[in-house]
Each structure stands twice: as C-alpha cells, then as structure tokens.
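# Notes for the structure review
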Amino acid sequence: MKNDKKIKLFLVDDDALFLKSLEIEFLRHADFTIDTFATGELCLANLSHDPDIIILDYLLDSIDKNAMNGIETLDKIKAFNPDISVVMLSAQDKIDVAINCMHHRAFDYVVKSETAFIRLQKIITTIFRYKKMEKELNWYMERM
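So, here's what we can say about the structure. Remember, it's a predicted structure, so these values are computed and weren't measured experimentally.

Time to look at the pairing of strand 3 (residues 53–57). Strand 3 sits mainly inside the fold: five of its five residues count as buried. Residues Ile53, Ile55 and Asp57 point to one face of strand 3 and Ile54 and Leu56 to the other, with burial holding for every one of them. Judged from the four bridges that link them, strand 1 (residues 7–12) and strand 3 form a sheet pairing that is parallel. Pairing of Leu9 across the sheet is with Ile53, part of strand 3. Of the strand pairs in this sheet, strand 3 and strand 4 (residues 85–90) are connected by five bridges, and their pairing is parallel.

The next thing to look at is the layout of surface pockets. Taken as a whole, the largest pocket encloses approximately 970 Å³ of empty space. Along the walls of the largest pocket sit 35 residues, with Asp52, Phe128, Lys131, Lys132 and Lys135 positioned nearest its centre. Going through the elements one at a time, helix 1 (16–29) and helix 5 (116–142) are the ones with two or more residues in the lining of the largest pocket. Per-element accounting of the lining of the largest pocket gives the leading share, 14 residues, to helix 5. Grouping the constituent residues of the lining of the largest pocket by class yields 15 nonpolar, seven polar and 13 charged.

Moving on to the nonpolar core. Among the nonpolar cores identified, the biggest contains 22 residues, and Ile54, Leu56, Ile77 and Met88 are the most heavily contacted of them. Contributing elements (two or more residues each) for this core: strand 1, helix 2 (40–45), strand 3, helix 3 (70–80), strand 4 and helix 4 (95–103). With residues near it in sequence (within four places) discarded, Met88 still touches Leu56, Asp57, Tyr58, Gly70, Ile71, Leu74, Cys101, Ala106, Asp108, Tyr109 and Val110.

Before going further, it helps to spend a moment on helix 4. Of all the residues in helix 4, the buried ones are Val97, Ala98 and Cys101. Taken around the axis of helix 4, the buried residues stretch over an arc of 100°, which confines them to a single face. Among the exposed residues of helix 4, those oriented more than 90 degrees off its buried face are Ile95, Asp96, Ile99 and His103. Once helix 4 finishes, Arg105 follows within two positions and takes phi at roughly 70°, a positive value.

We now examine a negative patch on the surface. A surface patch of like charges, here negative, comprises Glu41, Asp64, Glu72 and Asp75. We classify Asp64 as partly exposed; its relative accessible area is 37%.

Further remarks concern the sheet that holds strand 3. If you walk across this open sheet you meet the five strands as 2-1-3-4-5, and the pairing is parallel. Since the sheet does not close on itself, it has two edges, and those belong to strand 2 (32–37) and strand 5 (108–111), each with one partner. With strand direction ignored, the average angle separating the axes of adjacent strands in the sheet is 20°. Set on the sheet, helix 1 makes contact with strand 1, strand 2, strand 3 and strand 4; between it and strand 2 the angle comes to about 175°.

Basis of the calculations
Residues numbered from 1 in each chain as written. Predicted model: local features only at pLDDT ≥ 70, side-chain atom pairs only at ≥ 80, totals over all residues. Heavy atoms only, no water. Buried < 20%, exposed > 50% of the residue type's maximum accessible area, 1.4 Å probe, protein only. Helix = DSSP H or I, 4+ residues; strand = E, 2+ residues; numbered from the N terminus. Pairing = 2+ DSSP bridges. 1 Å grid on protein atoms, 1.4 Å probe; cavity = no way out; pocket = protein on both sides within 12 Å on 5 of 7 lines; lining within 4 Å. Points joined across faces, edges and corners; volume = space filled by probe spheres on them. Nonpolar A, V, L, I, M, F, W, Y, C, P; charged D, E, K, R; others polar. Core = buried A, V, L, I, M, F, W, Y, C linked by side-chain atoms within 4.5 Å. Contact = heavy atoms within 4.5 Å. Arc of directions from axis to C-beta. Patch = residues over 30% accessible without salt bridge, like charges linked within 9 Å, V, L, I, M, F, W, Y side chains within 5 Å. Areas by Shrake-Rupley, 256 points an atom, 1.4 Å probe, with all protein chains shown as cover. Salt bridge = Lys/Arg side-chain N within 4 Å of Asp/Glu carboxyl O. Lys, Arg positive; Asp, Glu negative; His and termini not counted. Charge placed at Lys NZ, Arg CZ, Asp CG, Glu CD. Axes fitted to C-alpha atoms, helices over the stretch in contact; angles between N-to-C directions.

Purely geometric numbers; function is a separate question.
Written as structure tokens, this is what we have:
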C-alpha cells in the first residue's frame, strides 16, 4: 500500500543556520514536504497548510525580542488543531524546560546537539506509529 501523501513538516527556528542544516538533513533522509519559518508568528500564519508535525524552537527571540516564544506558539498550534504533533527543540538541557514543554502538550523535547537529528527521526517514526495505532483503534471502536 503506497501512501502518496507526503509527510508535511514545519521547521520553526530563529537560528537560520540550524534551520537550514535541519532542513537539509530531513530532505536527505526522507521524502518530506518541508516548510521553514523563522518565527512562531509565521508558523501560525501557515497552519492552514495542514502540517503533520511541527518541530519548534523553545525560545525564538534572537531576531526580535518581542517575538512569540515557543511555548506561546505551541499553545496556539494546539488551540488551532490539537492533532498536530509538536516536538520542541532547545539549546538548554534543563529538566524544567522539558517538563514545561510536555505540560503544554508537546509530543517530545529534544536538546540541540550533534545527535538532535537522529533523535528527531526516531520521534517522527514514533509519532506515526502512534497515529496509525490511534486510527486503527478509532476504526475498531466505531464498529463496537
């Protein structure tokens, strides 16, 4: 069964270099449709494009100090569509940051490092396994 719908990925980070390298890695490893955004505001303005997964930076304030941060952006994404899986990215390896992200319904939290891309790949695989299970479960429940 071939799925002709490509996975649509939004990458949101104000670090242009990191954003570009992440995009290149994803395109090299898989057949995704990728949109990149430097701010949470731009990401939110494009939610109508139905991303499957959003990889979102925690801070987002290096370009504009008044920019919406990752948590505010996450809350607005979840208000728009709770089914969009959001993975938070941060340069800080702090447990309270991770807990805060999870508390705001992020699917997972990844620290920016050399291994970040491998972690993200694994998480995306998990997300799709989870979504497939959820679909099968819903199908089953509807028939009970």
